[in-house]
Amino acid sequence: CRVFRNKVASEVEEIESKAGDDFDFGMVVQLVNGKRGREAEVMNDADGGIWSAGQVVGLIDSIPTCQELMDEMMTEAEETVCVRLRSLVSMGGARSRL
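Residues numbered from 1 in each chain as written. Predicted model: local features only at pLDDT ≥ 70, side-chain atom pairs only at ≥ 80, totals over all residues. Heavy atoms only, no water.

**Section: the overall build of the chain**
Selection criterion: Each helix is a run of DSSP H or I of at least 4 residues and each strand a run of E of at least 2, with the numbering of both proceeding from the N terminus. Buried, partly exposed and exposed residues are distinguished by accessible area as a fraction of the type maximum, computed with a 1.4 Å probe on protein chains only: under 20%, between the cut-offs, and over 50%, respectively. Should any heavy atoms of two residues lie within 4.5 Å, those residues are considered in contact. The Shrake-Rupley method, run with a 1.4 Å probe sphere, supplies the accessible areas, and residue values consider only the shown protein chains as cover.
Across its full length, the chain carries four helices and two strands. Scored against the burial criterion, the 98 residues of the chain give a buried share of 13%. Of the contacts formed within the chain by residues at least 6 apart in sequence, a portion of 45% connects residues at least 24 apart. Only carbon and sulfur atoms are counted for the fraction: they give 55% of the accessible area of the chain, which is about 8300 Å².

Here's what the structure looks like:
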């Protein structure tokens, strides 16, 4: 399971590393239980619990505003239409086939 790196995740990693082959889930259960995570969420405490994340979390390289995201999506959509679907768009006064 992938998780966001925060204080709790680092603590769990340290405990697991030190225990090695003797690691038992009971050593970290108090850190990773759902109740703790839900309480941290309610308190807006990003370091208060463990946060599960999928593989895509490693692909995030920016956190744009909503406006920036929409502008980027519109630009990509326009480029797709103009480049990949050129034959469907009116070119040089020719009538569109749409």
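**Some remarks on unusual backbone geometry**
Here the phi dihedral of Asn44 falls at roughly 60 degrees; this positive angle occurs in a residue that is not glycine. Mapping Asn44 onto the fold places it in the loop between helix H3 (34-42) and strand E2 (52-53). Of the residues examined, Asn44 reaches a relative accessible area of 74% and is grouped as exposed.

**Regarding a negative patch on the surface**
For clarity, the threshold we go by: Patch building starts from residues that exceed 30% relative accessible area and form no salt bridge, then joins like charges within 9 Å and nonpolar side chains (Val, Leu, Ile, Met, Phe, Trp, Tyr) within 5 Å. By definition, a salt bridge exists where a carboxyl oxygen of Asp or Glu is found within 4 Å of a side-chain nitrogen of Lys or Arg. A residue counts as positive if it is Lys or Arg and as negative if it is Asp or Glu; His and the chain ends are not included. Lys charges are placed at NZ, Arg charges at CZ, Asp charges at CG and Glu charges at CD.
On the surface, Glu72, Glu76, Glu78 and Glu79 cluster together into a negatively charged patch. With respect to the helices, strands and loops of the structure, Glu76 is situated in helix H4 (residues 66-84).

**Examining the confidence of the model for the chain**
Just so we agree on the cut-off: You can read pLDDT as the predictor saying how much it trusts each residue, on a scale of 0 to 100.
For the chain, the mean per-residue pLDDT works out to 85, and 87% of the residues sit at or above 70. Looking across the chain, the model is least confident in strand E1 (residues 2-3), with a mean pLDDT of 80, and most confident in helix H1 (residues 7-19), with 94.

**Here's the deal with the pattern of salt bridges**
As enumerated under the stated definition, the model contains two salt bridges in all. Between Glu13 and Arg5 there is a salt bridge, with the nearest N and O atoms lying 3.1 Å from each other. Two residues, Lys18 and Glu14, come together in a salt bridge whose shortest N-O distance is 2.9 Å. Of the two residues, Lys18 and Glu14 both sit in helix H1, four residues apart, roughly one turn of that helix.

**As for the side chain of Asn6**
Under the convention used in this document: What qualifies as a polar contact is a pair of N or O atoms within 3.5 Å, subject to a donor-acceptor requirement within protein and to the restriction that residues adjacent in sequence count only when both atoms come from side chains.
Secondary-structure assignment places Asn6 in the loop between E1 and H1. You can call Asn6 buried: its relative accessible area is 9%. Reaching out from Asn6, the side chain makes a polar contact with the backbone nitrogen of Ala9 at a distance of 2.8 Å. Not counting residues up to four positions away in its chain, the partners in contact with Asn6 are Ala46, Asp47, Gly49 and Trp51.

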